[in-house]
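Residue-level structure breakdown
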Amino acid sequence: RNGERWELQLKGSGKTPYSRNGDGRAVLRSSVREYLCSEAMHYLGIPTSRAASLVVSDDGVWRDQFYNGNIKKERGAIVLRLAKSWFRIGSLEILAHSEELDLERRLLDFIIQEHFPSIATNDSNSYLEFFSTVVSETANLIALWMSVGFAHGVCNTDNFSLLSITIDYGPFGFMDAYDPNFVPNTSDDERRYKIGNQANVGLFNLSKLLQALKPLLDPRQKQLASQILKGYSERYYTRFTELFRTKLGLLGENEDDNYLIAFLLKVSL
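Values in this document were obtained by computation on a predicted structure and should not be read as measured data.

**Some points on the packing of aromatic side chains**
Centre-to-centre distance and the angle between the planes together describe a pair of aromatic rings. Tallying each qualifying case throughout the model produces 11 aromatic pairs. Taken together, a centroid distance of 6.1 Å and an interplanar angle of 65° make the contact between phenylalanine 150 and tyrosine 169 edge-to-face. Placement of the pair is phenylalanine 150 in strand β4 (residues 150–152) and tyrosine 169 in the loop between β4 and β5 (172–174), with a sequence separation of 19 residues. Judged by relative accessible area, tyrosine 169 falls into the buried class, the value being 2%. Counting every residue linked through ring pairs, the aromatic cluster contains Trp145, Phe150, Phe160, Tyr169, Phe172 and Phe174. Directly above the ring of phenylalanine 204 sits arginine 192, whose terminal nitrogen or CZ lies 5.1 Å from the centroid. The aromatic ring of phenylalanine 244 is capped on one face by lysine 247, whose charged end is 5.9 Å from the ring centroid.

Structure representation (structure tokens):
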């Protein structure tokens, strides 16, 4: 009724062609967490998918909750999730990897036309503008995560939205006290996705997006895209600082602000 289009997705309804070796099911425990957290993130002002409903299943689902070999039967559930789009960096990456470039180009044109109205699809630099927007908005999203102490437990390219919204609430968590080594995923033994590494993982995923786009870019555009990617860190750091200045009620900018922010974070360890 607001002239918006939302895509519906069921999580936990069973196997799909993309389930790999999994059963495509979900347990009540994780489904409740996804429902509550996605709504909390929305009201915190952080771009996210939303939860429309949660239905409890009578079927049991076998899960090893702590990945320690202790498998138990749990109550199953299905979450109806909504987002403007469920396309991810991995959606383009897989097509580039399999050299399905015509299909990748068609998909990219569709995504730009449907979700990036400020970009003219007939512009020869439309893919470059698209990449620039995703780089900027991804930096903004991760800075917002950090501003509330949110850690996404699986930050791979399949879980990073091309619309730069928070999707796929599998393992996740909020820090009780600042700890850059905080990891909400008990299976992440290498701490690859620890909260202090989220910005770096964002850069890694954007580099994979650039790699997927390169076959569709000319030499000049490739060079410009590489420069855009180099600007990610500055964009993230600027947004991170803005958010923490606001949290602290600081008026204007001071060269000592970054020191104060770092000092206060260390104090809360």
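**Focus on the domain arrangement of the chain**
One can read the domain layout of the chain as domain 1 (7–83) and domain 2 (89–248). A straight line from the C-alpha centre of domain 1 to that of domain 2 covers 23 Å. In this complex, domain 1 contributes 18 residues to the contact, which on the side of domain 2 involves 17 residues. Here domain 1 and domain 2 share an interface that buries about 1,400 Å² over both sides, 61% of which is from carbon and sulfur atoms. Between arginine 81 and aspartate 168 there is a salt bridge; the shortest N-O distance is 3.4 Å.

**Considering the nonpolar core**
The biggest cluster of nonpolar side chains holds 57 residues, and the ones touching the most others in it are Phe130, Trp145 and Leu209. Here this core takes 13 residues from helix α4 (residues 126–147), the largest share from any one element. Summarising the domain contributions, this core has at least three residues from each of domain 1 (7–83) and domain 2 (89–248). With near-sequence residues (within four places) excluded, phenylalanine 130 lies in contact with Leu92, Leu108, Ile111, Ile112, Phe116, Ile119, Leu162 and Leu213.

**Some words on the packing of helix α3 (residues 101–115) against α4**
Where α3 contacts α4, the two axes come as close as 11 Å, and the packing angle between them is 65°. The handedness of the crossing between α3 and α4 comes out as left-handed. In this structure, α3 uses Arg105, Leu108, Asp109, Ile111 and Ile112 to contact α4, whose residues at the interface are Ser126, Tyr127 and Phe130. Its residues placed into classes, the contact of α3 with α4 shows 5 nonpolar, 1 polar and 2 charged.

**Comments concerning the environment of glutamate 93**
For glutamate 93, the location among the structural elements is in helix α2 (residues 89–97). Residue glutamate 93 is classed as partly exposed on the basis of its relative accessible area of 24%. Between the C-alpha atoms of glutamate 93 and alanine 212, which are 119 residues apart in sequence, the distance is 5.0 Å.

So, how was this worked out
- Residues numbered from 1 in each chain as written.
- Predicted model: local features only at pLDDT ≥ 70, side-chain atom pairs only at ≥ 80, totals over all residues.
- Heavy atoms only, no water.
- Phe/Tyr/Trp six-rings, centres within 6.5 Å; stacked < 30°, edge-to-face > 60°.
- Helix = DSSP H or I, 4+ residues; strand = E, 2+ residues; numbered from the N terminus.
- Buried < 20%, exposed > 50% of the residue type's maximum accessible area, 1.4 Å probe, protein only.
- Lys NZ or Arg CZ within 6 Å of the ring centre and 35° of its normal.
- Domains from an automatic or database assignment.
- Contact = heavy atoms within 4.5 Å.
- Buried area = accessible area lost by both parts, 1.4 Å probe.
- Salt bridge = Lys/Arg side-chain N within 4 Å of Asp/Glu carboxyl O.
- Core = buried A, V, L, I, M, F, W, Y, C linked by side-chain atoms within 4.5 Å.
- Axes fitted to C-alpha atoms, helices over the stretch in contact; angles between N-to-C directions.
- Left-handed = near helix turned anticlockwise from the far one by under 90°.
- Nonpolar A, V, L, I, M, F, W, Y, C, P; charged D, E, K, R; others polar.

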